Amino acid sequence: MKIELKSVTKSFSDRNEVLRDITVEEDFGALAIIGPSGSGKSTLLRILGGLILPTSGEVIIDGQRLQFEEKYLIGHRRNVGFVFQAKGLFNHLTGRQNITMPLIHVHGYGKKEADDVADMLLERFGLMNDADKLPAELSGGQQQRIAIARAVATRPKLLLLDEPTSALDPELTNEVLDMIKELRNEGLNIILVTHEMGFAKKACDKIFFLYEGRLLERGSSYEFFSSPKTPQSAAFLSKILEWNV
Amino acid sequence: MDIRKLFVKKENEKAKPAQVIVNMVLALAAIYLFFMLSLKRLDMKLDFSLLWKFRIRYLQGYKTTVMLSIVSLILSLVIGFISAIGSRSNILPISYISRIYVQFIRGTPMIMQVYLFFYIVGTAWGISNRFLAGVLILSIFEGAYISEIFRGGIESIDGTQLEAAKAIGLEPGQTMRLVILPQIIKRTLPSLAGQFASIIKDSSLLSLISVIELTQTSREVSATNFAVFEVYMFLGLLYLTLTFPISMFTKYLEKRFSYENRT
């Protein structure tokens, strides 16, 4: 999949520019967006998902230019999957209902069809025992896996994940990362914001490194991790990897 | 045996059934004695049998109060919901009208609104049926409080829930129907039940415009038999038969949902 950004900027009224003039063209299968907190990673991801509008600039995904008007964006959101850091499941619905709700109310499935799709996914990812529980009764890892199942149930070509494991206890992180990796292996295109450098390095082919709203470095993740090219990315990596075993 | 154990419950523990019974009787007896003593000082004897012959009128009044309250509850839920949504609207005139409505109603006494709406607005628009006027006034009054309950409910919804609704491609109307409403109904149900008790009590003010509900019935009865004390004590009792079960129900709801909302 290919994304193109042309002079994308974003400023919120109460803050300085969060994204500054990002221009890039990248082919990817799995793209990791990394960088220090407040560097604009989540903002960039939300623009790609059509959840917020850039202040200026253009976004082109697989040759299709995003039109920044609500009607078009609703359609765009229906075609991509989005997973939040936490609490993205509807807390009044069970695991299964969370998966079937968009299928029924957005994509026009019948109840039976939607249940079948949900059961297939729940079965496959070992979530059957949790299907009828409310999010509050599930562990963080189970919640995130169901959120991912909901996002891919509609068969999107692109899955966006915003720090999907950073609210989790370490021992639950892997079950979520394994699931993302498995989906990637099936050919799903993935963009994720993450602090899991191991995953970015091993499971993602491309990297965006954001720093204070600028895209400082980009390209192959292998190259980035073996020889970072800017002092900022080198400093970031040494800081984040300091206590790695 | 330690006598204290009978009256004092342990910190963080529920009172034992025996404690509840003994102390509840004690508390009621104390209140009863106080009133009896007051009556004795006034040298008065109560005679509730004076009320018996008005039983048909009481029954009528009771029915009217119940009907007034139920119809007003439904209408005020509608008004409150519209106003809560309106106050959050991006269309400024709608937002301001909703906010002014809530501020005005909550910031002024109901007695003044009753007169204002009935004699000015009601007369101007030809609403002469007193029951209908009563329902409208009460609904407009309670709607402002219910609006605030709903607004609080909507604001208590986690922002990520709304973002998730957007992300899966819901339209604004669907977000309201499929995400916001189901979540706030659960959360606001105890407060709404409590508000229903308020509606019942507040309906007594409609006696001012001669809606013949419980309070007006009592006023009329006391004007005939001059048994003011009996009439108003009985009136209090009648309201309690309506509000007490609701208050118990509210407590039950609060308990139930406080467990469900735990995360």
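As the structure is a computational prediction, the values presented were derived from the model and not from experiment. (Residues numbered from 1 in each chain as written. Chains lettered and ligands numbered in written order. Predicted model: local features only at pLDDT ≥ 70, side-chain atom pairs only at ≥ 80, totals over all residues. Heavy atoms only, no water.)

Turning our eyes to something else, we now look at the overall build of chain B. The secondary structure content of chain B amounts to 10 helices and 0 strands. Listing each helix as α and each strand as β along chain B from the N terminus yields α-α-α-α-α-α-α-α-α-α. With the principal axes as the frame, chain B shows a C-alpha extent of 70 × 65 × 30 Å. The burial tally for chain B puts 37% of its 263 residues in the buried class. Restricting the contact set of chain B to residue pairs at least 6 apart, pairs at least 24 apart contribute 74%. Only carbon and sulfur atoms are counted for the fraction: they give 69% of the accessible area of chain B, which is about 15,900 Å². (Helix = DSSP H or I, 4+ residues; strand = E, 2+ residues; numbered from the N terminus. Buried < 20%, exposed > 50% of the residue type's maximum accessible area, 1.4 Å probe, protein only. Contact = heavy atoms within 4.5 Å. Areas by Shrake-Rupley, 256 points an atom, 1.4 Å probe, with all protein chains shown as cover.)

Right, let's get into the overall build of chain A. Counting its regular elements, chain A contains 9 helices and 10 strands. Whereas a compact globule of 245 residues would reach a radius of gyration of roughly 18 Å, chain A reaches 18 Å, a difference of no more than 12%. Here the C-alpha coordinates of chain A stretch approximately 55 × 45 × 35 Å along the principal axes. For chain A, the residues scored as buried account for 53% of the 245 residues in total. When contacts within chain A are restricted to residue pairs at least 6 apart in sequence, long-range pairs at least 24 apart make up 66% of them. Only carbon and sulfur atoms are counted for the fraction: they give 46% of the accessible area of chain A, which is about 11,200 Å². (Rg over C-alpha atoms; globule rule 2.2 N^0.38 Å.)

Taken residue by residue, chain B gives an average pLDDT of 91. The fraction at 70 or more is 97%. Of all secondary-structure elements in chain B, the lowest mean pLDDT belongs to helix 1 (residues 4-7) of chain B, at 82, while helix 4 (residues 92-107) of chain B reaches the highest, 96. (pLDDT = per-residue confidence, 0-100.)

On to unusual backbone geometry. Residue and element names in this part refer to chain A. Of note in the backbone geometry, S7 takes a positive phi value of approximately 45° without being a glycine. In this fold, S7 is placed in strand 1 (residues 2-11). The class for S7 is partly exposed, based on a relative accessible area of 36%. In this structure, D21 takes a positive phi of about 45° despite not being glycine. Relative to the elements of secondary structure, D21 occurs in strand 2 (residues 17-27). Judged by its relative accessible area of 49%, D21 is partly exposed.

Okay, empty space enclosed by the protein next. Scanning all chains against the criterion turns up 1 cavity of 30 Å³ or more. Of the pockets and cavities examined, the largest cavity occupies roughly 140 Å³. Around the largest cavity, the lining is made up of 17 residues, and of these G81, F82, R150 and A151 of chain A together with I168 of chain B lie nearest the centre. Put simply, the parts of the chain that give the lining of the largest cavity at least two residues each are helix 2 (70-79), strand 6 (80-83) and helix 5 (140-153) of chain A. A class-by-class count of the residues in the lining of the largest cavity yields 9 nonpolar, 5 polar and 3 charged. (1 Å grid on protein atoms, 1.4 Å probe; cavity = no way out; pocket = protein on both sides within 12 Å on 5 of 7 lines; lining within 4 Å. Points joined across faces, edges and corners; volume = space filled by probe spheres on them. Nonpolar A, V, L, I, M, F, W, Y, C, P; charged D, E, K, R; others polar.)

A word on the sheet that holds strand 9 (residues 206-211) of chain A. Sheet strands pair by backbone hydrogen bonding; their relative direction is either parallel or antiparallel. All names here are of chain A. Strand order across the open sheet formed by 6 strands is 6-7-8-3-9-10, with mixed pairing between neighbours. Only two strands of the sheet have a single partner each, and these edge strands are strand 6 and strand 10 (214-220). Each strand axis lies, on average, 15° off the axis of its neighbour in the sheet, ignoring direction. Here strand 6 pairs with strand 7 (residues 158-162) via 4 bridges, running parallel. Within strand 7, the position partnered with V80 by the bridge is L158. (Pairing = 2+ DSSP bridges. Axes fitted to C-alpha atoms, helices over the stretch in contact; angles between N-to-C directions.)

What follows is about the pairing of strand 8 (residues 189-193) of chain A. Residues and elements named next belong to chain A. Of all 5 residues making up strand 8, 5 are buried, and the element is well covered by its neighbours. Residues N189, I191 and V193 point to one face of strand 8 and I190 and L192 to the other, with burial holding for every one of them. Two elements, strand 3 (residues 30-34) and strand 8, share 4 bridges in a ladder whose sense is parallel. From the neighbouring strand, I33 faces strand 8, where its bridge partner is V193. Summarising the sheet, strand 7 and strand 8 pair through 5 bridges and their orientation is parallel. If you follow L158 over to strand 8, its bridge partner there is N189.

Residues and elements named next belong to chain A. You can see D162 is positioned in strand 7. Residue classification places D162 among the buried residues on the basis of a relative accessible area of 5%. Looking at D162, its side chain comes within polar contact range of the side chain of R46, at 2.8 Å. (Polar contact = N/O pair within 3.5 Å; in protein donor to acceptor, adjacent residues only side chain to side chain.)

Right, let's talk about the interface of chain B and chain A for a bit. Residue-level contacts link 20 residues of chain B with 21 residues of chain A. The contact between chain B and chain A buries some 1,900 Å² in all, and 58% of this surface belongs to carbon and sulfur atoms. The tally of links between chain B and chain A comes to 3 salt bridges. A salt bridge links K87 of chain A to D158 of chain B, with the nearest nitrogen and oxygen atoms 3.7 Å apart. Where chain B touches chain A, the interface holds 10 residue pairs in polar contact (both at pLDDT 80 or more). At the level of secondary structure, the elements contributing two or more residues to the side of chain B that touches chain A comprise helix 7 (159-167) and helix 8 (172-202) of chain B. When residues of the side of chain B that touches chain A are assigned to their parent elements, the largest contribution, 7 residues, is made by helix 7 of chain B. (Buried area = accessible area lost by both parts, 1.4 Å probe. Salt bridge = Lys/Arg side-chain N within 4 Å of Asp/Glu carboxyl O.)

Note on soluble globular proteins: their nonpolar side chains tend to be buried together. All names here are of chain A. I34, I148 and L159 are the most contacted members of the largest nonpolar core, which totals 46 residues. Among the elements that line this core, the one with the most residues is helix 5, at 7 residues. With residues near it in sequence (within four places) discarded, I148 still touches V83, L159, L161, V176, M179, I180 and L183. In this structure, I33, I61, L160 and L215 belong to the second largest nonpolar core, which totals 40 residues. (Core = buried A, V, L, I, M, F, W, Y, C linked by side-chain atoms within 4.5 Å.)

Approximately 560 Å³ is the volume found for the second largest pocket. The wall of the second largest pocket is formed by 17 residues, among which R88, L162, P172, T175 and I180 of chain B lie closest to the centre. Going through the elements one at a time, helix 2 of chain A together with helix 7 and helix 8 of chain B are the ones with two or more residues in the lining of the second largest pocket. Ranked by residue count, the leading element in the lining of the second largest pocket is helix 8 of chain B, at 5 residues. Per-class residue counts for the lining of the second largest pocket are 9 nonpolar, 3 polar and 5 charged.

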